[in-house]
Amino acid sequence: MLEIKVKDWGPKPFRFINAWLSHPGFKKFVIDKWTSYKMEGWGSFVLKEKSKRLKADLKTWNKEIFCSLDKQIEERRQKIKQWDAIDDILGLEEEEIAARNRERAPLFNDVKNIDNLLS
């Protein structure tokens, strides 16, 4: 008879969230943090310790960057609504249209990041 044994390898180093990849500063953050950890020892020990430190730093970074997404999305939506209301009544100048468009691109990215976090 076939028997499956589940091995417990211990706690996972950290949870990876795909939305992090869409953030422009993520790669630099990880590289900077990883190279800043100075320690000596066997390779597996250094890997374990660096992973543990990176896990803590990613947790903090995630809260700082992605926990404020809901607030950022709402603020951007309000700004765009204001631009749309002005456009309906008075029309917009080219500079104002450009300003509204500058709000739309990050809004789209923020909504996409929220979707990535939830999936």
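Heads up: these notes are all about the structure in this document. (Residues numbered from 1 in each chain as written. Predicted model: local features only at pLDDT ≥ 70, side-chain atom pairs only at ≥ 80, totals over all residues. Heavy atoms only, no water.)

### Remarks on a nonpolar patch on the surface
Side chains of Ile-86, Ile-89 and Leu-90 sit close together on the surface and give an oily, nonpolar patch of about 350 Å² of accessible area. What makes Leu-90 exposed here is its relative accessible area of 72%. (Patch = residues over 30% accessible without salt bridge, like charges linked within 9 Å, V, L, I, M, F, W, Y side chains within 5 Å. Areas by Shrake-Rupley, 256 points an atom, 1.4 Å probe, with all protein chains shown as cover. Salt bridge = Lys/Arg side-chain N within 4 Å of Asp/Glu carboxyl O. Buried < 20%, exposed > 50% of the residue type's maximum accessible area, 1.4 Å probe, protein only.)

### Some thoughts on the nonpolar core
Residues Ile-17, Ala-19, Trp-20, Phe-26, Phe-29, Val-30, Tyr-37, Leu-54, Leu-58, Trp-61, Phe-66 and Leu-69 constitute the largest nonpolar core, which totals twelve residues. If you list the elements that add at least two residues to this core, you get α1 (26-36) and α2 (43-66). For this core, the element with the most residues is α2, which contributes four residues. (Core = buried A, V, L, I, M, F, W, Y, C linked by side-chain atoms within 4.5 Å. Helix = DSSP H or I, 4+ residues; strand = E, 2+ residues; numbered from the N terminus.)

### Regarding the packing of α1 against α2
For the pair α1 and α2, the least separation of the axes is 10 Å and the interaxial angle reads 140°. Considered as vectors, α1 and α2 are oriented oblique to each other. Crossing geometry of α1 relative to α2 is assigned as right-handed. Counted together, Phe-26, Phe-29, Val-30, Lys-33 and Trp-34 of α1 and Leu-47, Lys-50, Ser-51, Leu-54, Asp-57, Leu-58 and Trp-61 of α2 form the full contact between these two elements. (Axes fitted to C-alpha atoms, helices over the stretch in contact; angles between N-to-C directions. Parallel < 35°, antiparallel > 145°, perpendicular 65-115°, else oblique. Left-handed = near helix turned anticlockwise from the far one by under 90°. Contact = heavy atoms within 4.5 Å.)

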